[in-house]
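Here's the letter readout for the chains.
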Amino acid sequence: MAESYSEGRTRDGEYQEQFLNDKTLRRLGATIAGLFTLGVGGLVAVIIFTQVDFDLFREIIYPQFVEAFLRVLGIVLVGSLLSVTAGVIVGLGRVSNTRFTNAVATGYVEFFRGTPLLFQLLVIFTGIPAFWPPGQFPISEWAIPTAIIGLTLNHAAYVGEAVRGGIDAVPDGQMEAARSLGMSYVQGMREVVLPQAWRNALAAIGNDQVILVKDTSLLTVIAVPELISAFRNVNSATFDPWTPIILVAIAYLMITIPLGKVVSHLETRSDWGGDRR
Amino acid sequence: MSLLEFDEVDKYFGETHVLKDVGLNVEEGEVCVIIGPSGSGKSTLLRCANRLEEIQDGEIRLEGTSISDPDADINRLRQRIGMVFQSFNLFPHKTAVENVTLAPTKVKGLKGDEAERRADELLDRVGLSAQADSYPNQLSGGQQQRVAIARALAMDPHVMLFDEVTSALDPELVGEVLEVMHDLADEGMTMLVVTHEMGFAREVGDRIVLMADGRVVEDSPPEVFFEDPRTDRGKQFLSKLL
């Protein structure tokens, strides 16, 4: 009766093809994908041949875009490292049995997920220097530290939730087995629960880190010379949108695509004894 | 002094009174088999014995030292109590041999090669030398459970707790696990076994403890319990088995 999923039965017992059976669905999918590719390919071709100014492209790529790219890459690397580290701490707080610790971690997550990153960046950028008398704030280049602090605090909340979910998904029996062997809670967490929680949370953490890369675009508001700022500079000086747009797209994808590869490599590596190994 | 003593133990899950004034002494070298209908509290009793569950009243002592005392050094006491679970609970990110060496190296501070030599011995004893480097998901249920027994033995426990260890196994894999337990009993290990395997209970058990509704209702040698139980609850339980 496997056919009954794609075919309907008429009253006199004969099989009749429905409008959307498996074969037509497959063809429909391929057709849509083909049309989409054709459309996008055509659009890109039109842009490259009619809109992109290759002289301008060469002129702006270095130093402006290369510098912006390296700046974003640096912020992403530091922000990723710090937000994942802080996120593990937040996640451990979220699964804590100590009510106070748990409440603090929950409050942290609620605040940093519940308000926009842009707002948080403005709070740090304008709010912190206000504790000093005007002109007395000791850090003259406050925008980059703001960027790293803001991205770390914000994404630690999301990573923390991913870690909490990862820990919750490890069966209780794992900690019980560790404890029954005489291991402490800390040893059980470190040796048994967290390695498994990490595997469970990897996809969600990777997803969040891709968003962190894209969130660097908000830094244009606090005057970090990043990729969107570079676009706006070029666009306002030349009125050419497409040449810098192409560069911005390439620059972001040069970070996000390898990041995705790193995450799937880590996922494969922690497939203990599975057939992906 | 018995090896493991339950003294007027009461345990509640919220409002539910799951262990009612349970007293039970397990002597050194004894195989004590706990049987009873589901929900009678037998697994809970076992889990209280290494404090995976807290008790509300009474005391549990291992070799004279209180386990249930809030100030007890529970991590140290648990090293003397091996436990094997119904659902194996092997560590999936570690190979068979790593499952066995983890606690001895982390808890007892054994050197890596020393722990490994001991693990090899234990895996050999449960018939799994060839599977030492396999991950749990590459092993059958019976093999996983035998690794779990080796893992518990690696801490050199003075008593072993078996919590329905064959209930999650395919019928053809039950025998290999029971065989390992039988050997262990023959070597003189003190064992507290919750099981539905009546053949094993009769053959290997020194004592049959029947639990019902959170109480110990009969405590007899197997030849008495299976031939002519002393209590009505015992007779009732046996009649349902046949």
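Nothing here was measured: the structure is a model prediction, and the numbers come from that model.

Trainee: Quick one: what's the story with the overall build of chain B, residue by residue and with numbers?
Mentor: Along its length, chain B carries 9 helices and 10 strands. Expressed along its principal axes, the backbone C-alpha trace of chain B runs to roughly 55 × 45 × 30 Å. Of the side chains in chain B, 25 bear a positive and 45 a negative charge, and the two mean positions are spaced by 4 Å.

Trainee: With reference to specific residues and values, describe the interface of chain A and chain B.
Mentor: At the interface, 20 residues of chain A touch 26 residues of chain B. Here chain A packs against chain B, burying approximately 2,000 Å² in sum over the two surfaces, 58% of which is carbon and sulfur. Its largest share of buried area at the contact with chain B, chain A owes to S180(A), L181(A) and W272(A), together 31% of the area lost on that side. Our enumeration of links across chain A and chain B arrives at 2 salt bridges. Ionic pairing is found between E191(A) and K106(B), a salt bridge with its closest N-O pair at 3.6 Å.

Trainee: Describe the UniProt feature "transmembrane region" (unreviewed entry) in chain A, naming the residues involved and giving the relevant values.
Mentor: Residue and element names in this part refer to chain A. Following the UniProt record, one finds the feature "transmembrane region" (unreviewed entry) at residues 28–49, 69–90, 111–132 and 242–260. The span residues 111–132 is 68% helical and 0% strand by assignment, and the distance between its end C-alpha atoms comes to 25 Å. Strand forms 0% of residues 242–260 and helix 100%; the C-alpha atoms that close the span are 26 Å apart.

Trainee: So what's going on with a negative patch on the surface? Which residues, and what values?
Mentor: Residue and element names in this part refer to chain B. On the surface, E98, D113, E114, E116, D120, D124 and D133 cluster together to form a negatively charged patch. Considering each element in turn, the negative patch owes the most residues, 5 residues, to helix α4 (residues 112–125). With respect to the element layout, E98 can be found in helix α3 (residues 96–107).

Trainee: Talk me through the side chain of N89(B); I want residue IDs and the actual numbers.
Mentor: Structurally, the position occupied by N89(B) is in the loop between β6 (81–84) and α3. At a separation of 3.2 Å, a polar atom in the side chain of N89(B) contacts the main-chain carbonyl oxygen of G173(A). Residues within four places of N89(B) in sequence aside, it is in contact with G173(A), Q174(A), A177(A) and R151(B).

Trainee: Describe the pattern of salt bridges, listing the residues and the values that go with them.
Mentor: Residue and element names in this part refer to chain A. Applying the stated criterion across every chain yields a total of 25 salt bridges over all chains. Between D55 and R58 there is a salt bridge, with the nearest N and O atoms lying 3.1 Å from each other. Of this pair, D55 and R58 both sit in helix α2 (residues 54–94), separated by 3 residues, roughly a single helical turn. Both residues of the pair, D55 and R58, belong to the exposed class. The salt bridge partner of R190 is E191, with a shortest N-O separation of 3.5 Å. Looking at E191, the relative accessible area reads 12%, which means it is buried. Here the salt bridges do not stand alone but share partners, grouping R94, E161, R164 and D168 into one network.

Calculation rules
- Residues numbered from 1 in each chain as written.
- Chains lettered and ligands numbered in written order.
- Predicted model: local features only at pLDDT ≥ 70, side-chain atom pairs only at ≥ 80, totals over all residues.
- Heavy atoms only, no water.
- Helix = DSSP H or I, 4+ residues; strand = E, 2+ residues; numbered from the N terminus.
- Lys, Arg positive; Asp, Glu negative; His and termini not counted.
- Charge placed at Lys NZ, Arg CZ, Asp CG, Glu CD.
- Contact = heavy atoms within 4.5 Å.
- Buried area = accessible area lost by both parts, 1.4 Å probe.
- Salt bridge = Lys/Arg side-chain N within 4 Å of Asp/Glu carboxyl O.
- UniProt positions renumbered as here; feature names shortened; annotations may be inferred.
- Patch = residues over 30% accessible without salt bridge, like charges linked within 9 Å, V, L, I, M, F, W, Y side chains within 5 Å.
- Areas by Shrake-Rupley, 256 points an atom, 1.4 Å probe, with all protein chains shown as cover.
- Polar contact = N/O pair within 3.5 Å; in protein donor to acceptor, adjacent residues only side chain to side chain.
- Buried < 20%, exposed > 50% of the residue type's maximum accessible area, 1.4 Å probe, protein only.

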